[in-house]
Amino acid sequence: MRLLMITTGLLLLLAVSCDHPETGSAQKEKFIDSLLSEMTLEEKIGQLTLFTSGWDITGPVLNENYRQDILSGRCGNLFNAHTVAYNRELQRMAVEETRLGIPLLFGYDVIHGHRTIFPIPLAEACSWDPGMVKKTAALSAKEAAASGLNWTFNPMVDIARDPRWGRIAEGSGEDPLLGSLYAHARVEGYQGTDLSDVFTLAACVKHFAVYGAPQAGRDYHVVDLSERTIREVYLPPYKAAVDAGVATVMSSFNEINGVPVTASKAYLTDILRDKWGFKGMVVTDYTSINELIPHGVAEDLKHAGELAFRAGVDMDMQGSVFNDYLAELVNEGVFSEEDVNRAVKRVLALKYDLGLFDDPYRYLDEEREKAVLYSDELMEHALVAARKSMVLLKNEPVNGTPLLPVQQSVKKIALIGPLADNRVDVMGTWHASGDAGKVVTVEEGLRKKFPAASIKVLKGCDFTGNDMSGFRAAISLAGQSDLVILAIGENHQQSGEAASRTCLDLPGVQQQLLEKIHETGTPVVAVVFAGRPLTINWMDEHIPAILYAWHPGTRTGDAVADILSGDCNPSAKLAITFPRNVGQIPVFYNTKNTGRPFNAENKYTSKYLDALNEPLYPFGYGLSYSTFEYGTISPDKNSISAGDSLTVSVTVKNTGKCAGEEIVQCYVRDLVGSVTRPLKELKGFSKISLDPGEEKLVQFTITEDDLRFYDINMEYRAEPGEFRIYVGPHSQVDEYVTFTLNR
Ligand code: GLC
């Protein structure tokens, strides 16, 4: 007990001696230095250690002794632990039963909500609404912080061009501009303006870097890319997160061109700290230090620890390598204690900024937890986000009128498919502690929306396997109905981490079910739930209406019903290209022209014998219940000089019968460069609302900065010459104007 009194007293003394510790960086520095001077080397290394609790499992290795490690000072940080009651006891152990009482960080994968689940990030990316995405992050932080957490391992900003990779679900698609805007928005949403605010979380941008480009789309596989592609396509979103003030960075599992990032000084120090000015803390991904051995760059764990620490890693997630070997490396003179202090200061600074030294229990208030979880603002935003993320891919007339919106006069609806009455899979991958009990199913949403209709529900088949025994009843029901709504796609484990697929068709026998239901002749609306683009070519050819719902989260059923009924006019557009088949991958909008661009008249041009070059659906594509007409693109000048800018204007008119939103997109092409340049690059977009018949003027300003790229000498600059500016509803738009950047 006496030791306890000294400990608590010491921390309080340190805190009090800095007045209110949150004011002034000098006082923060003084507090941290004072505390550091009290710490043993082992206690310092404990602060560089992050262990998982037993609450949730997010990786291959567990540690049953985390409680003992907290008490011994070997574990200064925990993840996969939440609820106030559970975390308060763990924090009490750290604060009241260790020598110095340094509070724990509590991290968790709050990826798209905590208990209330929002659409998966790839879905939200289709909203083209960074403000909405920022609000999702802020509300996720509020609910998670109220549950005893203070750190999230998000935003995941890995650009991905390969839908075979299951983690494409967690990111924001293929475009660096869109990805950078969302990265910035999420960091601001999670962290707010004051990390010590009890409704904010420290964010962690991941997975630095280029984790989204594994060979063959196979998770954890080699990344081998040109330096130019890495810099122009994959790095911008990480930089955007750093520029937004992200508190921590997570090093990725993968190698880049032969060097695993967790052992890469080039990435973790030269780029991240020296070039970008990152001052926060670098944490590894799950046991990624240990994995330097199978990577083949470390002989043993001690060597792995040395490589990682030297590269710039501060905190070891779940590997216990720093715990087991860093002291030895210091005692052998491989590192100095000052080297260790540098890393420990970053951890203590984060805890300080979170206000944990001021009040270690500040995030552990049960009354606040009860008041915040599932609150109306969370539930309402979950619906708003789901409505804004679902992409209408097709809506063809049946008997002269578009099948959607479904009329209230419809009498008999057959709702068929494994996602019809489903609470867990619609939350998608990384739904962590999402509460399935709060999910509104598709069935529940439709019954509320169409109270006069007779709605009969059948699963028809499962997500996996070949069992077609449910087909007969489903086909019979479809044949007796006025409309079939098919709720089909992937379950939540068929995308996400360690969930790469070589075939992107509907899983199991769902394609067969789809075709049998189609054969009945009853009109079919397909609602597809997935964590990635699927190769739904047959569906695109035969089914009149397709709504791509992704995995929409807690308010799934309400959002689907709002859109199918027309109470919500869909506005989302794809943030990722949909391939026709796996053979086309990688296929993305900002590709190059090649020296032999496809020409139907000439055999010897770039094409396939068995498929078109074009994707099934292009980046930026999405329909509305309205129709929009674009006027001519008018530039205010046809040449600019260095430092100058040019503005293009275009009118957009709602030629439909209902109010709607249109995402107007602006792309640029650099016709001639010292290196080959993409056919298009997204340089701006504007989401506008238009009433029927209303038209608006939309303007985009292009500056010289927008034209920069890594030239033949890898210098980031714009080169004089001719450019095209395209403005339209998606990335395959043909209308453009030209302008010149003068020498
Ligand atoms: C996982 C993931 C990472 C996550 C971490 C902690 O392996 O790669 O995204 O944040 O472990 O759960």
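So, here's what we can say about the structure. Residue numbers restart at each chain and count upward from 1, following the sequence in its written direction. In view of the model being predicted, local features appear only for residues whose pLDDT reaches at least 70, and side-chain atom pairs are presented and counted only at 80 or more, with totals across whole chains, interfaces and linings using the full set of residues. With hydrogens and water excluded, all non-hydrogen atoms of the structure serve as input to the side-chain values.

1. Focus: the overall build of the chain
And step 1. Counting secondary structure elements, the chain contains 22 helices and 29 strands.
And step 2. Relative to the 2.2 N^0.38 estimate, which gives 27 Å for 743 residues, the radius of gyration of the chain is 27 Å and therefore close to what a compact globule would have.
And step 3. The buried label applies to any residue whose accessible area, calculated with a 1.4 Å probe on protein chains only, is under 20% of its type's maximum; exposed applies above 50%, and partly exposed to all values in between. Within the chain, the fraction of its 743 residues that count as buried is 60%.
And step 4. Contact definition: two residues touch when any of their heavy atoms are within 4.5 Å. Put simply, of all contacts in the chain between residues at least 6 apart along the chain, 78% involve residues at least 24 apart.
And step 5. Charged residues are defined here as Lys and Arg on the positive side and Asp and Glu on the negative side; His and the ends of the chain fall outside this count. Lysine's charge is taken at NZ, arginine's at CZ, aspartate's at CG and glutamate's at CD. Put simply, the chain has 71 plus and 97 minus side-chain charges, and the middle of one group is 3 Å from the middle of the other. Helix and strand assignments follow DSSP, with helices taken as H or I runs no shorter than four residues and strands as E runs no shorter than two, numbered in order from the N terminus. Radius of gyration: C-alpha atoms only; globule rule: 2.2 Å multiplied by the number of residues to the exponent 0.38.

2. Some remarks on the packing of helix α2 (residues 25–38) against helix α15 (residues 337–353)
Working note: a packed helix pair is described by the angle between its axes plus the distance between those axes.
And step 1. Axes, fitted as lines to C-alpha atoms, cover a helix only where it is in contact. Angles between the N-to-C directions of the axes lie from 0 to 180 degrees. Two elements in contact, α2 and α15, have axes whose closest approach is 10 Å; the angle formed by their N-to-C orientations is 125 degrees. When the axis of α2 is compared with that of α15, the two are oblique. For the element pair α2 and α15, the recorded crossing hand is right-handed. In this structure, α2 contributes Gln27, Lys28, Glu29, Phe31, Ile32, Asp33, Leu35 and Leu36 to the contact, and α15 contributes Asn341, Val344, Lys345, Leu348, Ala349, Tyr352 and Asp353.
And step 2. The residue inventory of the contact of α2 with α15, partitioned by class, reads eight nonpolar, two polar and five charged. Roughly parallel covers angles under 35 degrees, roughly antiparallel covers those over 145, roughly perpendicular covers 65 to 115, and oblique covers all other angles. Handedness of a crossing is defined here by the sense of rotation of the near helix relative to the far one, left-handed for an anticlockwise turn of less than a right angle and right-handed for a clockwise turn. Under the scheme applied, nonpolar residues are Ala, Val, Leu, Ile, Met, Phe, Trp, Tyr, Cys and Pro; charged residues are Asp, Glu, Lys and Arg; polar residues are all the others, including Gly.

3. Quick look at the nonpolar core
And step 1. For the purposes of this section, nonpolar cores are sets of buried Ala, Val, Leu, Ile, Met, Phe, Trp, Tyr and Cys residues that join through side-chain atoms within 4.5 Å. Grouped together as the largest cluster of nonpolar side chains are 167 residues, with contacts concentrated most on Phe208 and Trp550.
And step 2. Core analysis: the second largest hydrophobic core is formed by 38 residues, Met390, Ile413, Val439 and Ala487 among them.

4. Thoughts on helix α10 (residues 236–243)
Each full turn of the α-helix corresponds to 3.6 residues, which orients residues three or four apart in the same direction.
And step 1. Turning to α10, its buried residues number three or more, namely Pro237, Tyr238, Ala240, Ala241 and Val242.
And step 2. In this structure, the buried residues of α10 make contact with α8 (176–191), β5 (204–208), α9 (227–234) and α11 (265–275).
And step 3. Following α10 by one or two positions, Gly245 adopts a phi angle in the positive range, close to 90 degrees.

5. Looking at α8
And step 1. To estimate the expected span of a helix, subtract one from its residue number and multiply by 1.5 Å. Here α8 is 16 residues long and its end C-alpha atoms lie 22 Å apart, about the 22 Å a rise of 1.5 Å per residue gives.
And step 2. The buried count for α8 comes to twelve of 16 residues, which makes it a mostly enclosed element.
And step 3. Looking at the buried residues of α8, the elements they touch are α6 (121–125), α7 (130–146), β4 (151–152), α9, α10 and β24 (681–690).
And step 4. Under this definition, polar contacts are N or O atom pairs within 3.5 Å; protein pairs additionally need one hydrogen-donor-capable and one acceptor-capable atom, and for neighbouring residues in sequence, both atoms have to be side-chain atoms. Among the residues of α8, the N-terminal cap falls to Asp175, whose side-chain oxygen and the backbone nitrogen of Leu177 are separated by 2.9 Å.
And step 5. Looking one or two residues past α8, Gly192 carries a phi angle of roughly 55 degrees, positive in sign.

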